[in-house]
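Listed below are the residues making up each chain.
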Amino acid sequence: MLDAVKRPPGVLGNPPEPAGDDLSDDDFQQALYLCYEVGYAGFAGVSTDWANEPSLVALRRRLSERFLAGLTTGLDPLPEGRDIPARLEAMISADDSPSAADYLLHHGTQDQIRELLVHRSAYLLKEADPHTRVVAWLRGRPKAALVEILADEYGGGRVERMHAELYARSLRALGMDCRENAYLAELPGVTLATANLTSALCDRPCWRGALLGHLAVTEMTSSGANRRYGATLRRMGLGHPDVTDYFDEHVAADAVHDVVAAHDMAGSFARSEPDLAESVLRGAQLLLRVEGAFARHVIASWANGHSSLRARSSPAADTSRTDS
Ligand SMILES: [Fe+2]
Ligand SMILES: [Fe+2]
């Protein structure tokens, strides 16, 4: 895929489709990630016209449908009840996945928190960009609630407060590479799956309900996790505001987004489009599933004394953007 998209846009031909367990398969998730990534700000040396190339669109659709089909297999029954915020809360409480934030707070090393920042860079350096396209697919109160959240994600119009900018500043302050996709070659499939799920649910109007459930649970769980990441950095003597601002901002902002997302966005959407109420809860379930797999992977790697990243295999695969 990398070789293909470095050419001028044209027919992809029949790229071999990776086999194996889609959720953790590095090749599968990288291929799908690249299919989405050409539709965001893009890569150095890669034409953004690839985003509309029919053969790439067709491949993206095939891979994303396969990914979501695998991910929705064997899900638990949904919690009973009519109230969407309460049912989302019940799903979060019932989730018994381990927490990377807890692990890092109690056992983490500097190398491990840096790894965590590398993993999260795939999404957080473009935080909220996938969700902007969903705005057009909503009406009324859920639309206003989503826009309220997105306005904060974009710093209320102040570039220095944009969450993606805050994240880049954290990386820079730690001496890390803050260019988008600089670390792509090191990201395992289980990490890219978290970014790909967001992109997938933001890619088609029919999945908008699932995206709202996914975003609601992201917001409902973010404040606590970011508080622990901030505390971990301070425990390690990395408490400079340039490093911790991103995390501190989310402790405050997501305590508000939590309520807006659960009630005004997901809850009012389910009332206005009752046929998609189940889909809201399924989206939340998919988020918990990919995040659980991610947390299990990083914690198992660290507990066994390994890196949770892939070894960089080839220096030729420079996918970073150079203009940021
Ligand atoms: Fe944010
Ligand atoms: Fe938020």
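Now for a quick tour of the structure. (Residues numbered from 1 in each chain as written. Chains lettered and ligands numbered in written order. Predicted model: local features only at pLDDT ≥ 70, side-chain atom pairs only at ≥ 80, totals over all residues. Heavy atoms only, no water.)

1. Quick word on the side chain of His250
Along the chain, the position of His250 falls in helix H12 (residues 241-272). By relative accessible area, His250 is classed as buried at 2%. A polar contact is formed between the side chain of His250 and the backbone oxygen of Tyr246, at a distance of 2.7 Å. Excluding its chain neighbours within four sequence positions, the residues that come into contact with His250 are Glu127, Glu153, His163, Ser222, Ser223, Asn226 and Ala255. (Helix = DSSP H or I, 4+ residues; strand = E, 2+ residues; numbered from the N terminus. Buried < 20%, exposed > 50% of the residue type's maximum accessible area, 1.4 Å probe, protein only. Polar contact = N/O pair within 3.5 Å; in protein donor to acceptor, adjacent residues only side chain to side chain. Contact = heavy atoms within 4.5 Å.)

2. A look at the nonpolar core
Ranked by size, the top nonpolar core spans 104 residues in total, and within it Phe67, Leu68, Leu88, Tyr229 and Met265 carry the most contacts. Of the residues forming this core, the biggest block, 13 residues, is contributed by helix H13 (residues 277-303). There are two domains that each give this core at least three residues, and those are domain 1 (2-71) and domain 2 (84-303). Apart from the residues lying within four places of it in its own chain, the contact partners of Met265 are Pro142, Ala145, Leu146, Ile149, Leu212, Leu215, Ala216 and Val260. (Core = buried A, V, L, I, M, F, W, Y, C linked by side-chain atoms within 4.5 Å. Domains from an automatic or database assignment.)

3. Quick notes on the coordination of the iron ion (ligand 1)
Coordination of the iron ion (ligand 1) by the protein is provided by Glu127 (OE), Glu153 (OE), His163 (ND1) and His250 (NE2), with metal-donor distances spanning 2.0 to 2.1 Å. Classification of the site at the iron ion (ligand 1) as irregular follows from its four donor atoms and the range of 80 to 167° in their angles at the metal. Counting residues between consecutive donors of the iron ion (ligand 1) along the chain gives the motif E-x25-E-x9-H-x86-H. The two metals, the iron ion (ligand 1) and the iron ion (ligand 2), are separated by 4.1 Å and share Glu153 as a common coordinating residue. In this pair, Glu127 is assigned in the loop between helix H6 (110-124) and helix H7 (129-132) and His163 in helix H9 (residues 163-173), connecting sequence segments 36 residues apart. (Donors = N, O, S within 2.8 Å, 3.2 Å for Na, K, Ca; no water. Tetrahedral: all angles 85-135°; square planar, octahedral: opposite > 155°, others 65-115°.)

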